[in-house]
Amino acid sequence: MCNLERERHFGRAAEASFVTQPTLSMRLKNLERELGLPLINRSNNFAGFTPEGDRVLAWAREIVSVYQGLKLEVESLKHGVNGTLRVGVVPQCSMALPLLLKAVQARYPQLDYRIAVLEC
């Protein structure tokens, strides 16, 4: 559904989903049958979502987001924490910063960090 929303075209949405257009249409019809609601306004072309389809689409977006978060979590479990840690410090606490960063680097060697010194 999310690819169909973005592409606004069954063929392009199917391609973005790595399936054929008939497969995408069949899966959407199966979802409509399972939910007992029409989700898509159909004509010769994609004509938008029904009001019920818009609500299901909001759930689909949430499910995709949660799944992407799960994939990131699994990657961090397999390979450790990575990315960029952004730290803002005031000059008074900057003396403790090297010790903190040394401890962070020892525990999370893949982690990059950026420091911003905030002026008071």
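Values in this document were obtained by computation on a predicted structure and should not be read as measured data.

Criteria and cut-off values
Residues numbered from 1 in each chain as written. Predicted model: local features only at pLDDT ≥ 70, side-chain atom pairs only at ≥ 80, totals over all residues. Heavy atoms only, no water. Phe/Tyr/Trp six-rings, centres within 6.5 Å; stacked < 30°, edge-to-face > 60°. Helix = DSSP H or I, 4+ residues; strand = E, 2+ residues; numbered from the N terminus. Buried < 20%, exposed > 50% of the residue type's maximum accessible area, 1.4 Å probe, protein only. Salt bridge = Lys/Arg side-chain N within 4 Å of Asp/Glu carboxyl O. Expected span 1.5 Å × (residues − 1). Contact = heavy atoms within 4.5 Å. Domains from an automatic or database assignment. UniProt positions renumbered as here; feature names shortened; annotations may be inferred. Patch = residues over 30% accessible without salt bridge, like charges linked within 9 Å, V, L, I, M, F, W, Y side chains within 5 Å. Areas by Shrake-Rupley, 256 points an atom, 1.4 Å probe, with all protein chains shown as cover.

Student: Tell me about the packing of aromatic side chains, residues and numbers included.
Tutor: The relative placement of two aromatic rings is captured by the distance of their centres and the angle of their planes. Under the counting rule described, the total for this entry stands at 2 aromatic pairs. Between F10 and F46 the ring centres are 5.9 Å apart and the planes differ by 85°, which places this aromatic pair in the edge-to-face class. Pair noted here: F10 is in helix α2 (residues 10–16) and F46 is in strand β2 (residues 46–49), with a separation of 36 residues, a long-range link. In this pair, the class of F10 matches that of F46, namely buried. Measuring from ring centre to ring centre gives 5.2 Å for F46 and F49, while their planes differ by 70°; the resulting arrangement is edge-to-face. Using a relative accessible area of 11% as the deciding quantity, one classes F46 as buried. Grouped by ring-pair contacts, the aromatic residues F10, F46 and F49 constitute a single cluster.

Student: Let's hear about the pattern of salt bridges: which residues, and what values?
Tutor: Under the criterion given, the structure shown has 6 salt bridges. E5 is the salt-bridge partner of R61, the closest N and O atoms lying 2.8 Å from each other. Of this pair, R61 sits in helix α4 (residues 51–79) while E5 sits in helix α1 (residues 2–7); the two residues are 56 residues apart in sequence, bridging distant segments of the chain. Among the residues examined, E5 registers a relative accessible area of 26% and is labelled partly exposed.

Student: An account of α4 is needed here, citing residue identities and associated values.
Tutor: The terminal C-alpha atoms of α4 lie 43 Å apart, and with 29 residues this matches the ideal 42 Å at 1.5 Å per residue to within 8%. Contacts made by the buried residues of α4 are with α1, α3 (21–35) and β2. G80 sits one or two residues past α4 and shows a positive phi near 90°.

Student: Residues and numbers for the domain arrangement of the protein chain, please.
Tutor: In terms of domains, the protein chain is made up of domain 1 (1–78) and domain 2 (81–117). Centre-to-centre separation of domain 1 and domain 2, based on C-alpha positions: 41 Å.

Student: Would you mind going over the UniProt feature "domain: HTH lysR-type" (unreviewed entry) in the protein chain in detail, with residue names and values included?
Tutor: UniProt tags residues 1–50 as "domain: HTH lysR-type" (unreviewed entry). End-to-end, the C-alpha atoms of residues 1–50 are 12 Å apart, and along that stretch the chain is 56% helix and 14% strand.

Student: Describe a nonpolar patch on the surface, naming the residues involved and giving the relevant values.
Tutor: A surface patch of nonpolar side chains, amounting to about 290 Å² of accessible area, comprises L85, Y113, I115 and V117. Counting residues per element, the nonpolar patch draws most heavily on strand β4 (residues 111–117), which supplies 3 residues. Structurally, the position occupied by V117 is in strand β4.

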